[in-house]
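Descriptive structure summary
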2 protein chains.
Amino acid sequence: MTQPAGFNASCPIPKSDYARILLAHGGGGRLMHQLIEQIIVPAFRNPVLDVRHDSAVLDVGAARLAFTTDSYVVQPLFFPGGDIGSLAVNGTVNDLAMTGATPLYLSASFVLEEGLPVETLQRILASMRRAADAAGVQIVTGDTKVVDRGKGDGIFITTAGVGRIEHALAIAPGSVRPGDAVLLSGDLGRHGMAIMAVREGLDFETTIESDCAPLAKLVADLISGGIEVHCLRDLTRGGLASALIEIAEAARLQVDIREAAVPVGEEVRGACEILGFDPLYVANEGRFVCFAPEADAGRALRILRSHPLGTAASIIGSVTQKSRGLVTLESRIGATRVVDMLSGEQLPRIC
Amino acid sequence: MTQPAGFNASCPIPKSDYARILLAHGGGGRLMHQLIEQIIVPAFRNPVLDVRHDSAVLDVGAARLAFTTDSYVVQPLFFPGGDIGSLAVNGTVNDLAMTGATPLYLSASFVLEEGLPVETLQRILASMRRAADAAGVQIVTGDTKVVDRGKGDGIFITTAGVGRIEHALAIAPGSVRPGDAVLLSGDLGRHGMAIMAVREGLDFETTIESDCAPLAKLVADLISGGIEVHCLRDLTRGGLASALIEIAEAARLQVDIREAAVPVGEEVRGACEILGFDPLYVANEGRFVCFAPEADAGRALRILRSHPLGTAASIIGSVTQKSRGLVTLESRIGATRVVDMLSGEQLPRIC
């Protein structure tokens, strides 16, 4: 279950809002978490689901597996730095990687809208193949459905993934400890702002490219490098802020980060200012946070920075026992504030 | 890849039809197979996918796994005998079962249309839970996306499944041999005609209930009973006719069946006559064919009939070398004809 944690019982959804699904229920904020925690998880409750990870961790015979799924409904289908196909591969690869698994096999299921140009489908399939090759996974099974014109939106893709877990770490919010360092693998906000720029027809001086990329190699390098990884989370819907709040709430600890340590590119910062977005909440598709003991932090940072996808990695904060579930941000001018989860979404249909 | 086999190179799709996706591309007939074989499979080509099974069979560490996925877009969402939720569970359980696997874990990913009543979602989730419990599987991971009103159709569900394979059989079209008996697990056409009756607002004397059901126990009983199972296929889109044609073409053998041996309920037969459908092509969600050596056929039939879901099981035909890929039907009056695959679909959005 991607982003399943973080339901706050003190913030009930008004009955009137909750009789029907809202766009905001898909946005990565508080409403989405309430939908998952109040409606979906209770229906399926079981011990594996209750762990609330990006992927389920399963023992099948002698093998320890990670298993995950995501649907992709992004609009537009093509954007600078990627498309719905590369996103559908990398997103699921990354959910597997966040358990420390080696991603192996993907399924791909398509809901096509009548009238979709076959050439569009072919471009997307070719992109999926390239992304799968780059991530070292095979697409081994799939399905195709067609819905009437006006009952879909070109193409929706659902991928599921299976990976093998060979490490002995317990990578989960429950393993986060006071004193842990919080590492961020790179600069924020490029996926969300790339989508937004295309969607709004905005012409920035330079095109912002999505950060969409497979993260499994970075994670494998951390683990093989002997880093005692406590928790990993990729920063998709809801961005860095939502991911940290989910982990802080699940771990019942406080996460303190420093704004000056969080890398945000000039173009993304400019676009966010023009459009009124906060980069902390903007979706990424090639960035993650890593919680590890302070003693490992320097070495973990060097490992991340040695990888092309981690050159801008940074130690952005640390974990304390000061509260049970808060995230704080120390601004560039030294003021400290609590980072809240948004109630709905900044950007619908971002992934 | 559900129903990936069966592309016939002698029947190219006209270019003009093929520039855009048609509803018929989702219908289980020749057009769907051409889409899969000409466009999708070539994009992803790899040894696992090339086996063309209902599920991929994977070796992960010491474990042999089955892995499959399907998207469900059925309309209406609720129908006699089931709903999109029970269908999404049983369909994926059955694709796993068709490799002889024990279904273990499912993922569930939802594409919700803005405005969907939450009560509708809750009914569907409860149905999924009941179906999962009945099939002995756990829903362990998932995802939720929301699309704008008018860009979806209430709810689409994609399930993926992982099962464990513990037998040593090679259950696949390539294992079918001349002399094999063809067994059918029950009566045909109830799922398709149940959907059709609701969709068209038809009032038949008695309500036809979908046959939607989990088939893994039936398959497990065949295998544990020592039946040398050569091939299994559940009879979803395209019905019995399409499944047999796919297997005959993949095995390069001929399948001869007798109409009198194929059980079709009176109500389904009547509804098919009124609406102009042929039960051989109507979708089922709780029926499968089994290819096994003639010597095992009687025992296999007894095993199937001892199960509540197999009481109407029948030996419907046999395999010969008379041609490479034909299916023939001997009618009740003794005439024999070739069974063709439909080019498009009888029933769109049946699953």
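Keep in mind it's a predicted model, so treat the numbers as computed, not measured. (Residues numbered from 1 in each chain as written. Chains lettered and ligands numbered in written order. Predicted model: local features only at pLDDT ≥ 70, side-chain atom pairs only at ≥ 80, totals over all residues. Heavy atoms only, no water.)

Notes on the interface of chain B and chain A
What counts, and what does not: Contacts are residue-level and defined by heavy atoms, with any inter-residue pair within 4.5 Å sufficient. A side-chain nitrogen of Lys or Arg and a carboxyl oxygen of Asp or Glu constitute a salt bridge if their distance falls within 4 Å. What qualifies as a polar contact is a pair of N or O atoms within 3.5 Å, subject to a donor-acceptor requirement within protein and to the restriction that residues adjacent in sequence count only when both atoms come from side chains. Here a strand is any run of E in DSSP of at least two residues, a helix any run of H or I of at least four, and the numbering for each starts at the N terminus. Amino acid classes used here: Ala, Val, Leu, Ile, Met, Phe, Trp, Tyr, Cys and Pro are nonpolar; Asp, Glu, Lys and Arg are charged; the rest, including Gly, are polar.
Between chain B and chain A, the residue contacts involve 82 residues of the former and 82 residues of the latter. The interface formed by chain B and chain A includes 6 salt bridges. Counting across the chain B and chain A interface gives 29 residue pairs in polar contact (both at pLDDT 80 or more). Mapped onto the side of chain B that touches chain A, the elements with two or more residues apiece are α2 (30-44), β1 (56-60), β2 (63-72), β5 (102-113), α4 (118-135), β6 (138-147) and β7 (155-164) of chain B. Along the lines of polarity and charge, the residues of the side of chain B that touches chain A split into 44 nonpolar, 21 polar and 17 charged.

Digging into the pairing of β2 of chain B
Consecutive side chains of a regular strand alternate in pointing toward one face of the sheet and then the other. Residues and elements named next belong to chain B. Counted only if it meets this: Using a 1.4 Å probe on the protein chains alone, a residue whose accessible area is under 20% of its type maximum counts as buried, one over 50% counts as exposed, and one in between counts as partly exposed. For two strands to count as paired, DSSP must find a minimum of two bridges between them.
Among the 10 residues in β2, 9 count as buried, and that is most of the element. In the sheet, β1 pairs with β2 via 5 bridges, with the strands oriented antiparallel. Paired with Asp59 across the strands is Arg64, a residue of β2. From the end of β1 to the start of β2, which pair antiparallel, there are 2 residues, and Gly61 there has a positive phi angle of about 60°.

What to know about the confidence of the model for chain A
Caution applies to low-pLDDT parts of the model: their predicted coordinates are not meant to be read in detail. Residue and element names in this part refer to chain A. In plain terms, the rule: Each residue gets a pLDDT score, which is the predictor's confidence in that residue and runs from 0 to 100.
The predicted model of chain A averages 91 in pLDDT, with 93% of residues at 70 or higher. Here residues 1-16 is a poorly scored stretch, pLDDT under 50, and it has 51 contacts once near neighbours within four places are set aside; other chains count. Model confidence for the complex: the whole-complex pTM is 0.94, and ipTM, which rates the interface, is 0.93.

Some words on the sheet that holds strand β12 (residues 314-320) of chain B
All names here are of chain B. Operational definition: Fitted lines through C-alpha atoms serve as axes, helices being fitted only where they are in contact, and the angles separating the N-to-C directions of these axes extend from 0 to 180 degrees.
Spatially, 7 strands are ordered β9-β11-β8-β12-β10-β13-β14 in an open sheet, and the strand pairing comes out mixed. The outermost strands of the open sheet, each flanked by one partner alone, are β9 (231-234) and β14 (336-338). The mean inter-strand angle of the sheet, taken between neighbouring strand axes irrespective of direction, is 25°. Pairing analysis gives 4 bridges linking strand β8 (residues 181-184) to β12, with the strands arranged antiparallel. Looking at β12, one finds that Val182 is bridged to Gly317. Against the sheet, helix α9 (residues 294-305) makes contact with β8, β11 (288-292) and β12, and its axis sits at roughly 10° relative to β8, the strand it touches most.

Quick look at the relation of the copies chain B and chain A
The condition that has to hold: Here the copies are matched by least squares. The fit uses the C-alpha atoms of residues with pLDDT of at least 70 in both.
For the pair chain B and chain A, the superposition axis carries a translation of 0.0 Å, the fit reaches an RMSD of 0.0 Å, and the rotation angle comes to 180°. Taken together, the rotation and translation describe the operation of a two-fold axis. Closest to the rotation axis within chain B is the C-alpha of Gly152 of chain B, separated from it by 2.2 Å. Of the interface residues in chain B, 100% have counterparts in chain A that sit at the interface too, so the contact is made through matching surfaces.

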